[in-house]
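# Summary of structural features
What follows is the residue order along each chain.
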Amino acid sequence: MKHIYLFLVALVLSTSIFSQTEFWGTINSGGTNGRGLIFKSDGNGENLEVKYNFPDLNYDSKPYYPSKKMLLASNGNFYGIHGYSTQSCYGCGGGGIYEFNPKTLTVVNKALHGCNDMVLGKDDIIYGVGSPWGAVISCLFKYDIKNNTLNKIVDFNFAIGRHPQNIILGSDGKIYGMTTEGGINQKGVLFQYDPATNIFAVIHDFTNVVSGNLVEGSDHTIYTMYLNDYDFNQRMEVFKYNINNKEFSYNTIP
């Protein structure tokens, strides 16, 4: 029986674990071509092996510069974010979703669409946030692994938030994310998307400029920690939003 775990190892290393007495992960730079690699080790973190070197700059849409964590789908393949951009059109955008087969040790591009973060939902649907190539507006989108299709869900704007940074899959099956700009106070928003009903909603307009990564605790509360220096009095704060009772709070760390 296979057991799957996902975790992050430091800021420069985004790692997924394929636990069958083996760890699988990515590094977004280095390797033979300097464009990142995929590695594995045994269950004790020993016998480290490089299993795939991402290629150098190319015109063939071959992924390089992997970022964020890889997601393990039911087909046994990993899916991750890459930083490919065409050399012939600098500034046109870049990035996309790649597929890594741990049996054949091959990587293929599945979608060319800028992606800041993504999560794996039900029925092998990947939800992501990022800008389509050639666009300046970010969107929430979904990629269907089984059908190999990518569709936009909603465009972000000043009213509902701009520049989405990260998303998580809540314990209630809904997607939660935040933006760093836009909303009523122009300081970003916390948003929610329900795949079951296809409803997108802003659930909180930030009163402080909030950054950082969202996580959900065992108490069904979403947390993020950030540095608040808006009034030149630097302090660490924690924003909390409870999924069950819909309550939120800003808390200063002593």
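As a reminder, the structure under discussion sits directly above these lines.
So, a few notes on the structure that sits alongside this text. (Residues numbered from 1 in each chain as written. Predicted model: local features only at pLDDT ≥ 70, side-chain atom pairs only at ≥ 80, totals over all residues. Heavy atoms only, no water.)

### A closer look at the sheet that holds strand 16 (residues 189-194)
Reading across from one edge, 14-15-16-17 is the order of the four strands in this open sheet, with antiparallel pairing throughout. Of all the strands in the sheet, the pair left with one neighbour each is strand 14 (162-169) and strand 17 (199-205). Between one strand axis and the next, the sheet turns by 25 degrees as a mean value, whatever way the strands run. (Pairing = 2+ DSSP bridges. Helix = DSSP H or I, 4+ residues; strand = E, 2+ residues; numbered from the N terminus. Axes fitted to C-alpha atoms, helices over the stretch in contact; angles between N-to-C directions.)

### Overview of the sheet that holds strand 19 (residues 221-228)
With antiparallel pairing, the four strands of this open sheet are ordered in space as 18-19-20-21. The open sheet has two free edges, formed respectively by strand 18 (215-216) and strand 21 (248-252), since each of these has just one partner strand. Both strand 19 and strand 20 (residues 235-242) contribute to a ladder of eight bridges, which runs antiparallel. Within strand 20, the position partnered with Met225 by the bridge is Val238.

### Things to note about the packing of aromatic side chains
For the structure on display, the rule yields 13 aromatic pairs. Cation over ring: Arg162 sits above Phe158, and NZ or CZ is 4.5 Å from the ring centre. (Phe/Tyr/Trp six-rings, centres within 6.5 Å; stacked < 30°, edge-to-face > 60°. Lys NZ or Arg CZ within 6 Å of the ring centre and 35° of its normal.)

### A word on the side chain of Asp117
Within the secondary structure layout, Asp117 lies in strand 10 (residues 117-120). Here Asp117 is buried and forms no salt bridge, its nearest opposite-charge partner Lys69 lying at an N-O distance of 4.0 Å. A polar contact of 3.1 Å, which involves the side chain of Asp117, links it to the backbone nitrogen of Ile167. The contacts of Asp117, once residues within four sequence positions are left out, are Lys68, Lys69, Ile81, Tyr127, Gly128, Val129, Gln165, Asn166 and Ile167. (Buried < 20%, exposed > 50% of the residue type's maximum accessible area, 1.4 Å probe, protein only. Lys, Arg positive; Asp, Glu negative; His and termini not counted. Salt bridge = Lys/Arg side-chain N within 4 Å of Asp/Glu carboxyl O. Polar contact = N/O pair within 3.5 Å; in protein donor to acceptor, adjacent residues only side chain to side chain. Contact = heavy atoms within 4.5 Å.)

### What to know about a nonpolar patch on the surface
Among the surface-exposed residues, Met225, Leu227, Met236 and Ile253 lie close enough to one another that they form a single nonpolar patch of about 330 Å² accessible area. The partly exposed category is assigned to Met236, whose relative accessible area is 31%. (Patch = residues over 30% accessible without salt bridge, like charges linked within 9 Å, V, L, I, M, F, W, Y side chains within 5 Å. Areas by Shrake-Rupley, 256 points an atom, 1.4 Å probe, with all protein chains shown as cover.)

### Concerning the side chain of Asp124
Secondary-structure assignment places Asp124 in the loop between strand 10 and strand 11 (125-130). There is no salt bridge for the buried Asp124, and the closest opposite charge comes from Lys146, which lies 4.6 Å off by N-O distance. With near-sequence residues (within four places) excluded, Asp124 lies in contact with Ala73, Ser74, Asn75, Tyr143, Asp144, Ile145 and Lys146.

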